[in-house]
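# Examination of the molecular architecture
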Amino acid sequence: MSNILAFIEVSNTGQIRKSARSLLTAAAALGTPVAVVATAPGTGGSLVDELGALGAEQVYLAESDQLGTLLVAAQLEALTAAAAELAPAGILLSNSIEGRDIAGRLAVRLGAGLVVDAVDVRLEGGQILATQSVFGGAYTVESAVDGGPAIVTVRQGAIEGQAPAATPTVTAASVATNAAHSAVIDAVNDATTTSTRPELRDAPKIVSGGRGLGSKEKFVLVEQLADALGAAVGASRAAVDSGFIPQTSQVGQTGVTVSPQLYVALGISGAIQHRAGMQTAKTIVAINKDADAPIFEIADFGVVGDVFTVVPQLIEAMAARAN
Amino acid sequence: MKIIVLVKQVPDTYGERKLDPSTGLLDREASDTIVDEINERALEVALRYKDKNKGTEVVALSMGPASATAALRKALSMGADSAVHVLDDGLSGSDLGWTSTALAAAVAQTGYDLIIAGNESTDGRGGVVPVMLAEHLNLPHLSFLDSVGFNEDVVSGERGTESGSLAAHAPLPAVVSVTERAAEARFPNFKGMMTAKRKPLAVLTLSDLGLDPAQAFAGVGRSVIKTTIERPARTAGRKIIDEGNAGVELAEFLAAGRLI
Ligand SMILES: Cc1cc2nc3c(=O)[nH]c(=O)nc-3n(C[C@H](O)[C@H](O)[C@H](O)COP(=O)(O)OP(=O)(O)OC[C@H]3O[C@@H](n4cnc5c(N)ncnc54)[C@H](O)[C@@H]3O)c2cc1C
Ligand SMILES: Nc1ncnc2c1ncn2[C@@H]1O[C@H](COP(=O)(O)O)[C@@H](O)[C@H]1O
């Protein structure tokens with residue numbers, strides 16, 4: 001079986017990012033999963049067991065003392081070195097900002113074909129096929145890459161399951177970066193939120209609020225329903241632009257694309273760009289006081305009403321049922 | 001200072017966008033095409049600098065079919081000084097690799113101190129062309145910037161990370177891409193629309209760029225579309241009007257679907 005590299009992102013405090021599981025799962029479905037990590041010298045060893053548990057049969061530790069000081073430079077060199085050494089048939093990265101930065105540069109370097117934002121990958125006749133969900137899920141497109149290796153970025157939260165645990169062999173290499181061709185990191189600010197809510201990207205349930213919530217103070221209603229449902233909180237662009245909630249919660253064309261079991265839209269009109277980010281949800285519920293709001297065209301259950309009366313009643317009714 | 005802004009013409013997100021199921025390529029007949037909103041914002045970043053710094057030259061660059069002229073004229077009417085259109089039949093159906101190769105050649109030929117792109121196009125949603133361009137040109141990049149500032153020597157900005165944000169800087173020349181947080185675009189004014197018609201718009205073919213497709217793209221891996229399936233449109237389900245009991249009914253619906 002061919003080697004499939006999974007690029008493992010690590011936080012600046014040394015934690016393996018969540019995307020590692022799905023990347024190694026996808027890699028195991030295509031060949032021999034190899035985890036590639038860029039680490040500060042001498043620190044990668046502690047990650048090996050965790051990567052093995054996630055299915056890595058080999059862990060390639062690329063050490064660089066530029067990690068965290070140059071923007072994606074050490075990560076790019078890590079993957080370049082691993083690709084040169086391990087002749088992979090496929091290279092998988094998260095479709096995060098960091099993942100795409102590395103994937104784009106690596107594709108040019110290797111003259112490799114690139115597919116971004118894949119929601120699935122599979123092997124057919126020895127060829128790697130990647131599925132993309134285009135125009136907000138209106139189309140499903142399957143592509144192959146002619147001329148190897150295939151570089152694929154995988155949408156966060158799209159691939160479920162877990163590869164069987166392995167006891168990985170470990171390869172360590174040291175990589176040099178070219179400071180002249182990289183941006184310099186000045187500061188890293190980790191958000192201090194200690195939210196216990198699920199993350200938007202792969203939450204099974206999402207409650208989103210729009211401009212109809214009226215103000216930042218009143219947007220709390222969205223959070224209350226989300227907490228009652230155990231759901232993540234999302235928003236429309238208008239709610240973000242109005243300052244009700246940070247942009248990271250934006251669902252839609254230029255925000256996050258989600259595909260939960262349940263999506264509840266509160267005070268959201270359902271503009272086509274919002275729908276592009278949520279219309280593949282299994283069940284859609286909408287509450288809007290305008291009976292003609294386009295969100296109702298795709299809602300499985302629509303309530304024409306005021307969110308400030310319907311939602312409190314819903315929360316109460318849910319509590320009553322739970323008792 | 002010379003700033004190149006990368007402008008892509010895309011199907012209007014307000015309309016229905018279609019793919020041709022036999023090729024998987026965009027059905028250009030199906031929708032109106034416009035300048036991608038994110039590129040108007042990228043242009044705004046350049047124009048704000050130009051407003052404050054006399055002698056700044058802003059060039060709008062687009063690769064696309066003949067119709068992309070309209071996108072470039074829009075950029076000129078907003079305030080770009082000149083435009084470059086990479087137009088060649090040999091580029092139809094280009095993937096990310098070809099697009100970035102051709103754009104890199106056009107950018108190199110045009111000359112630049114700073115290249116500003118959108119973070120991600122609304123049709124492809126790739127978010128990789130700017131960084132691929134940076135690799136072709138051996139330049140540093142700062143992508144997905146929520147805020148950006150620059151002078152003649154250095155560009156800096158902030159972008160989101162998986163767990164917060166980071167701030168970074170790079171010496172010029174560099175490639176940056178900006179998100180919709182970076183700037184709200186201006187509208188073209190009457191004077192802008194009048195002068196746009198007289199501003200220079202150069203059309204470059206692959207051979208003008210010194211690119212022989214047989215050589216430039218030979219041996220380069222390509223993503224090739226195998227199948228394209230249209231998802232059946234979603235239909236409306238039950239819709240009730242709240243008469244004082246809708247919250248309870250909604251709870252029943254969720255319970256029936258085992259969602260609570
Ligand atoms: C290129 C581009 C990209 C875009 N990307 C995105 C994106 O990623 N995500 C996104 O969401 N949008 C996006 N948009 C914007 C989109 O077109 C809409 O402007 C936006 O989605 C509207 O948000 P909204 O529904 O909250 O606001 P509105 O359209 O103003 O709707 C508010 C709704 O709240 C209802 N309402 C008001 N008060 C109440 C009440 N008390 N109870 C119940 N209902 C009430 C109103 O009836 C109305 O339907 C994009 C646009 C463009 C051009
Ligand atoms: N054909 C093109 N012509 C000009 N600029 C482009 C083209 N394709 C992509 N870009 C630029 O790259 C950005 C990101 O595009 P993408 O990588 O396709 O998501 C866009 O917002 C544009 O600024």
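Residues numbered from 1 in each chain as written. Chains lettered and ligands numbered in written order. Predicted model: local features only at pLDDT ≥ 70, side-chain atom pairs only at ≥ 80, totals over all residues. Heavy atoms only, no water.

With that out of the way, let us pick up the overall build of chain B. Check the secondary structure of chain B and you find seven helices and 13 strands. Here the C-alpha coordinates of chain B stretch approximately 65 × 45 × 40 Å along the principal axes. Looking at chain B as a whole, 50% of its 260 residues are labelled buried. In chain B, 71% of the contacts between residues at least 6 apart in sequence involve partners at least 24 apart. On chain B, roughly 11,600 Å² of surface is accessible, and the fraction owed to carbon and sulfur atoms is 51%. (Helix = DSSP H or I, 4+ residues; strand = E, 2+ residues; numbered from the N terminus. Buried < 20%, exposed > 50% of the residue type's maximum accessible area, 1.4 Å probe, protein only. Contact = heavy atoms within 4.5 Å. Areas by Shrake-Rupley, 256 points an atom, 1.4 Å probe, with all protein chains shown as cover.)

Mapping N288(A) onto the fold places it in strand β14 (residues 283-288). Ignoring anything within four residues of it in the chain, the contact list for N288(A) reads G267(A), I268(A), S269(A), A293(A), F296(A), V303(A), V304(A) and G305(A).

Attention now moves to the domain arrangement of chain A. Residue and element names in this part refer to chain A. Segmenting chain A into domains produces domain 1 (3-181) and domain 2 (205-322). Each of domain 1 and domain 2 was reduced to a C-alpha centroid, and the two centroids are 34 Å apart. In this assembly, five residues from domain 1 lie in contact with four residues from domain 2. Of all residues in domain 1, G136, G137 and R155 give up the largest surface area on contact with domain 2, accounting jointly for 86% of the area buried on that side. Counting every contact that joins domain 1 to domain 2 gives zero salt bridges. Linking domain 1 with domain 2 are one residue pair in polar contact (both at pLDDT 80 or more). Residue classes in the side of domain 1 that touches domain 2 are distributed as two nonpolar, two polar and one charged. (Domains from an automatic or database assignment. Buried area = accessible area lost by both parts, 1.4 Å probe. Salt bridge = Lys/Arg side-chain N within 4 Å of Asp/Glu carboxyl O. Polar contact = N/O pair within 3.5 Å; in protein donor to acceptor, adjacent residues only side chain to side chain. Nonpolar A, V, L, I, M, F, W, Y, C, P; charged D, E, K, R; others polar.)

Attention now goes to the packing of helix α3 (residues 96-110) of chain B against helix α4 (residues 129-137) of chain B. Residue and element names in this part refer to chain B. Put simply, α3 and α4 touch, their axes get as near as 9 Å, and they point 55° apart. Considering their axes alone, α3 and α4 lie oblique with respect to each other. Seen from above, α3 lies across α4 with right-handed handedness. Each of L96, G97, T99, S100, T101, L103, A104, V107 and A108 in α3 lies in contact with α4, whose residues at this interface are V129, M132, L133, H136 and L137. (Axes fitted to C-alpha atoms, helices over the stretch in contact; angles between N-to-C directions. Parallel < 35°, antiparallel > 145°, perpendicular 65-115°, else oblique. Left-handed = near helix turned anticlockwise from the far one by under 90°.)

The next subject is the site of ligand 2. Residues and elements named next belong to chain B. Around ligand 2 lies a shell of 19 residues, among which L6, N39, M63, S121 and G127 are the nearest. Within the backbone of S121, a nitrogen or oxygen atom sits 2.8 Å from an oxygen atom of ligand 2. One of the backbone nitrogen or oxygen atoms of V129 is found 2.9 Å away from an oxygen atom of ligand 2. Coverage of ligand 2 by the protein chains reaches 97% of its 490 Å² of free accessible surface. Secondary structure elements with two or more residues in the shell around ligand 2: α1 (37-52), β4 (57-63), α3, β6 (114-118) and α4. In the shell around ligand 2, the residues fall into 10 nonpolar, seven polar and two charged. (Near = heavy atom within 4 Å.)

Attention now moves to the site of ligand 1. Around ligand 1, a shell composed of 28 residues is seen, among which R211(A), S236(A), S269(A), Q273(A) and N288(A) lie nearest. More than a single chain frames ligand 1: its nearby residues are located in chains A and B. Between ligand 1 and T254(A) there is a distance of 2.9 Å, counted from a nitrogen atom to a side-chain nitrogen or oxygen. Contact distances for ligand 1 include 3.1 Å between an oxygen atom and a backbone N or O atom of G267(A). Contact with the protein chains covers 85% of the free accessible surface of ligand 1, which is 980 Å².

To continue, consider the pairing of strand β11 (residues 205-209) of chain A. Residues and elements named next belong to chain A. Counting buried residues in β11 gives five out of five residues, a clear majority hidden from the surface. Side chains K205, V207 and G209 project from β11 onto one buried face, and the interleaved I206 and S208 project onto a second face that is buried too. Bridge analysis of β11 against strand β13 (residues 262-266) gives five bridges, and the strand direction is parallel. Looking at β13, one finds that S208 is bridged to A265. Pairing of β11 with strand β12 (residues 232-235) involves four bridges; the strand directions are parallel. Bridged to I206 within β12 is A232. A crossover links β11 with its parallel partner β12, the connecting element being helix α5 (residues 220-229), and its sense is right-handed. (Pairing = 2+ DSSP bridges. Right-handed = clockwise from strand over helix to strand, strands pointing away.)

The next point concerns the confidence of the model for chain B. Low pLDDT marks stretches whose predicted atomic positions should not be read closely. Confidence along chain B averages 95 in pLDDT terms, with 100% of residues attaining 70 or more. Taken over the whole predicted complex, pTM reads 0.96, whereas the ipTM for its chain interfaces reads 0.96. (pLDDT = per-residue confidence, 0-100.)

So, about unusual backbone geometry. A cis geometry characterises the amide bond from L172(B) onward to P173(B), with omega recorded as 0°. Tracing the sequence through the fold places P173(B) in the loop between β9 (164-171) and β10 (174-178). Despite not being glycine, F135(A) shows a phi value in the positive range, around 50°. Examined against the element boundaries, F135(A) turns out to sit in the loop between β6 (127-134) and β7 (139-146).

A few words on the side chain of R105(A). For R105(A), the position within the fold is in helix α4 (residues 97-110). Judged by its relative accessible area of 5%, R105(A) is buried. Side chain to side chain, R105(A) and H141(B) meet in a polar contact 3.0 Å long. When near neighbours in sequence (up to four residues on either side) are disregarded, R105(A) contacts L76(A), H181(A), V131(B), A134(B), E135(B), L139(B), P140(B) and H141(B).

Another aspect to go through is the interface of chain A and chain B. As a measure of interface size, the accessible area lost when the parts come together is often cited. Contact with chain A, which involves 91 residues of that partner, is made by 79 residues of chain B. The contact between chain A and chain B buries some 7,300 Å² in all, and 54% of this surface belongs to carbon and sulfur atoms. One can count eight salt bridges joining chain A with chain B. Across the pair R109(A) and E135(B) runs a salt bridge, and its minimum N-O distance is 2.9 Å.

Right, let's get into the packing of aromatic side chains. Residue and element names in this part refer to chain A. Inspection of the entire model under this criterion finds five aromatic pairs over all chains. Between F135 and Y139, the ring centres sit 6.4 Å apart and the planes meet at 75°, which makes this aromatic pair edge-to-face. Since its relative accessible area comes to 10%, F135 is described here as buried. The ring of F308 carries the charged tip of K218 above its face, separated from the ring centre by 5.2 Å. (Phe/Tyr/Trp six-rings, centres within 6.5 Å; stacked < 30°, edge-to-face > 60°. Lys NZ or Arg CZ within 6 Å of the ring centre and 35° of its normal.)

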